[in-house]
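Below are the chains, spelled out letter by letter.
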Amino acid sequence: MADATADGTSSGATDPPSTQRRPSRLRMIVAAFIVVAVFIGATVLAAGDDAFQFFDSGPRSCGVETPAGSIESAAPAGMRQTLSPEPALQWTQIDPPVDQFYRTRMRDDGTLWRTNLVSAFMTAPDGLVFVRVNDGGRRRLLVTSNGTDWEELALPPNVQPQHIGVSGNRWVIAGRALGDEVGDENRFDLDRVVVSDDRGATWTEVPIDPQTPPLFRDKHIATVDLMVSGNRIVLMSVVRPEMQVRDPFVEHGLAEPGDDVVFGGFREDTVMALVRSSDAEGNYVHVELSLEDLDLADREKEIIGRWEHIDANHLGYIRLYAGDQYGLEVASELNSGSAHGVATRDGFVVAVDRDEPGGWRYLASPDAREWGELYPASPNFGFPLSGIDANGEAWAVLSEVHFRNVLTKMRCGQAPTPVATLDGIQFSHVSGPGIHAGRAGFAAVAEPVEEFRLLFGIDPVNAVGSPFGTVAKGIYELRLGEPMGGITLWDSAENAPVYVWADAYSGKTPSGVRETGADQAYQVTFEAPDTGEDLVTFTMEDLSVVSGAMRARHFHYGDASRTKWMGWSNNGVDWNWQDAMDAFELETQPVSVKIAVGRDFVIASVTPSEGDPMWFVAKIP
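What you see is a predicted model, and the numbers here were worked out from it, not measured in a lab. (Residues numbered from 1 in each chain as written. Predicted model: local features only at pLDDT ≥ 70, side-chain atom pairs only at ≥ 80, totals over all residues. Heavy atoms only, no water.)

Engineer: What am I meant to see in the sheet that holds strand β34 (residues 469–473) here?
Structural biologist: Sheet strands associate in pairs through backbone hydrogen bonding, adopting either a parallel or an antiparallel arrangement. Taken together, the 4 strands give an open sheet; going across it, the order is β34-β35-β36-β37, and neighbouring strands pair in antiparallel fashion. Whereas interior strands pair on both sides, the edge strands pair on one side only; in this sheet they are β34 and β37 (496–501). Recorded for the sheet is a direction-independent mean angle of 15° between the axes of neighbouring strands. (Pairing = 2+ DSSP bridges. Helix = DSSP H or I, 4+ residues; strand = E, 2+ residues; numbered from the N terminus. Axes fitted to C-alpha atoms, helices over the stretch in contact; angles between N-to-C directions.)

Engineer: When you look at the environment of Ala-604 in this model, what are you seeing that I'm missing?
Structural biologist: Following the sequence through the fold, Ala-604 ends up in strand β44 (residues 601–607). Ala-604 gets classed as buried once you look at its relative accessible area, which sits at 0%. With 159 residues separating them along the chain, Ala-604 and Val-445 place their C-alpha atoms 10.0 Å apart. Apart from residues lying up to four places away in sequence, Ala-604 is in contact with Trp-91, Phe-121, Phe-584, Val-593, Lys-594, Ile-595, Met-614, Trp-615 and Phe-616. (Buried < 20%, exposed > 50% of the residue type's maximum accessible area, 1.4 Å probe, protein only. Contact = heavy atoms within 4.5 Å.)

Engineer: Quick question: what am I supposed to make of the pairing of strand β33 (residues 441–448) here?
Structural biologist: Counting buried residues along β33, 8 of its 8 residues qualify, which places the element largely inside the surrounding structure. Side-chain alternation along β33 places Gly-441, Ala-443, Val-445 and Glu-447 on one buried face and Phe-442, Ala-444, Ala-446 and Pro-448 on a second face that is also buried. The sheet contact formed by strand β31 (residues 425–427) and β33 spans 3 bridges and is antiparallel. Its bridge partner lying in β33, Phe-427 is registered against Ala-446. From the end of strand β32 (residues 435–438) to the start of β33, which pair antiparallel, there are 2 residues.

Engineer: What should I look at first to understand a nonpolar patch on the surface in this one?
Structural biologist: Together, Val-262, Leu-274 and Tyr-284 make up a nonpolar patch on the protein surface, roughly 220 Å² of accessible area in all. Within the secondary structure layout, Leu-274 lies in strand β19 (residues 270–276). (Patch = residues over 30% accessible without salt bridge, like charges linked within 9 Å, V, L, I, M, F, W, Y side chains within 5 Å. Areas by Shrake-Rupley, 256 points an atom, 1.4 Å probe, with all protein chains shown as cover. Salt bridge = Lys/Arg side-chain N within 4 Å of Asp/Glu carboxyl O.)

Engineer: Where do I start with the packing of aromatic side chains in this structure?
Structural biologist: Tallied over the entire structure, the rule returns 15 aromatic pairs. Taking 5.1 Å as the distance between ring centres and 70° as the angle between the ring planes, the aromatic pair formed by Phe-121 and Trp-615 counts as edge-to-face. Taken together, the residues span a long stretch of sequence, with Phe-121 in the loop between β6 (112–116) and β7 (122–123) and Trp-615 in strand β45 (residues 614–619) at a distance of 494 residues. One exposure class covers both Phe-121 and Trp-615, and it is buried. Plain terms: the ring middles of Phe-584 and Phe-616 are 4.7 Å apart, the flat faces sit at 40° to each other, and that makes the pair tilted. Of this pair, Phe-584 sits in the loop between α8 (580–583) and β43 (592–597) while Phe-616 is found in strand β45, placing the two residues 32 residues apart along the sequence. In this structure, Phe-584 and Phe-616 share a single accessibility class: buried. Ring pairing ties together the aromatic residues Phe-101, Phe-121, Trp-150 and Trp-615, which thus form one cluster. It is Arg-306 that lies over the ring of Tyr-317; its NZ or CZ is 5.4 Å from the centre. (Phe/Tyr/Trp six-rings, centres within 6.5 Å; stacked < 30°, edge-to-face > 60°. Lys NZ or Arg CZ within 6 Å of the ring centre and 35° of its normal.)

Engineer: Before we go on, may I ask you to explain the sheet that holds β43 in this structure?
Structural biologist: Reading across the sheet, the 4 strands line up as β4-β45-β44-β43 and stay open at both edges, with antiparallel pairing between neighbours. Edge positions in the open sheet fall to β4 (91–94) and β43, since each of these has one partner strand only. Each adjacent strand pair in this sheet contributes to an overall mean axis angle of 25°, direction not counted. Where β4 lies against β45, 4 bridges are found, and the strand directions are antiparallel. Paired with Ile-94 across the strands is Trp-615, a residue of β45.

Structure representation (structure tokens):
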């Protein structure tokens, strides 16, 4: 492995395996051939002729220099989204191919908890839609090409499918072995990966080389995503390497051979452990060993260096294994506890959650080994990747200004292209990436927001928290949250306050303040207390540095009672919006709506206020 780069990524030192190489004898032995016979309906699983794939023909890194804010400045003028006079999609309820959506269990304290047995929809590049089901403990993986007719795939034995990747006839499944509890933080085994080159008729297990030094062992917290493009397979896993401290601590006289020695992490230039005598009497004793006393290899030093990230309230970091059907090996690592990726026509694009507060960083690579940055994290909020379109290009929703949702196209080696700006809506976090991109177009679940007109005169009943931050303009500073829950206008020239409102959010705009316009045209003007002359005006652009906090204060997220809109667009620019109650003929707003875009349809799983989820399908007009 190469040394970590400045942005927290690292790359493999060796070239990626050739897509034409033959398996070694060892890999042929390790790769257990699992044959599963299954009859698959030709209508449902017809292979697409235009499935895309890529090969090694470009640079190893395909990032670009895209300064923060450039997407916003280049974005098309925003248009406030409104309900459409006539709905573009006509939804038809279907019978879900599911016997049971939930399983209820009783905790030791007598309380009940419910487990969801049905996953969110997963869309393949060719428009097939998959869903995982655990009907009464029976694992099922279902697939459809039209949203109505579903076929069940025969799964290889001993694999719980968690992720599926598709590229043409190649289907890849990643999941834990049967018996492994999903979410177990003390699991040391990697997920299993199986591949089929005949669209699920037969499966072959793919060997994975974690390349973990003997001094360490990896806790594999979870697989976060699986990407497939042509012959290439990329597995993204959250890992937490732990040093096996017994031998070095015994060797340096800090423990006896029979003692219980527990790894405790790293601090500065030492490794920590808890040691308890083998006679099991007494408490654990905290012991430290200098790293200089250990003969560490470069890879071991690199792993230790990632603990600064792990210590920042993370379970682990992202490790990417890349290869083909003959085997996967460590390709790169990313300092993030969460990530999402898609395989595009040109390579791979991933969104990684930053260590510090903020949105997602967007990275690209032709081979998952060396990553370049497409766009730095948004300072306010953002979403994971929306998916890929019929041209094999990735899409995401970016935003740096209050309620401006910039639908952006991303390609390896090219600056992101803003396509449309959607104002006046917020995307439901329960729907995943906000906007879902697919072969047939774009679908979304959104919540309309009232026009932003007031900074001061907001009914405190609707407040979720007070904004905090300082906006400077000329000699004046607008200090939000000073005093706590209040606002101060500060004159830097006089080094004294002009106004101090201890309770700024009483529902009334105070004297000496004018608020005009709405949304992006909103502005607030402060008048001189003695003369009434205008002192300074702050526009929405000025306020954008604190708009994330303002957004959090004014509106609730994920409220089941809030109005939800269903959106559809065939190009990402022109949108048609329906109220979810009208679209699905409900008496109340649904608790959640999960959607996917197929070949020529959109499918929705709608959870009402009471009862099991209902499934609906709409054909693309």
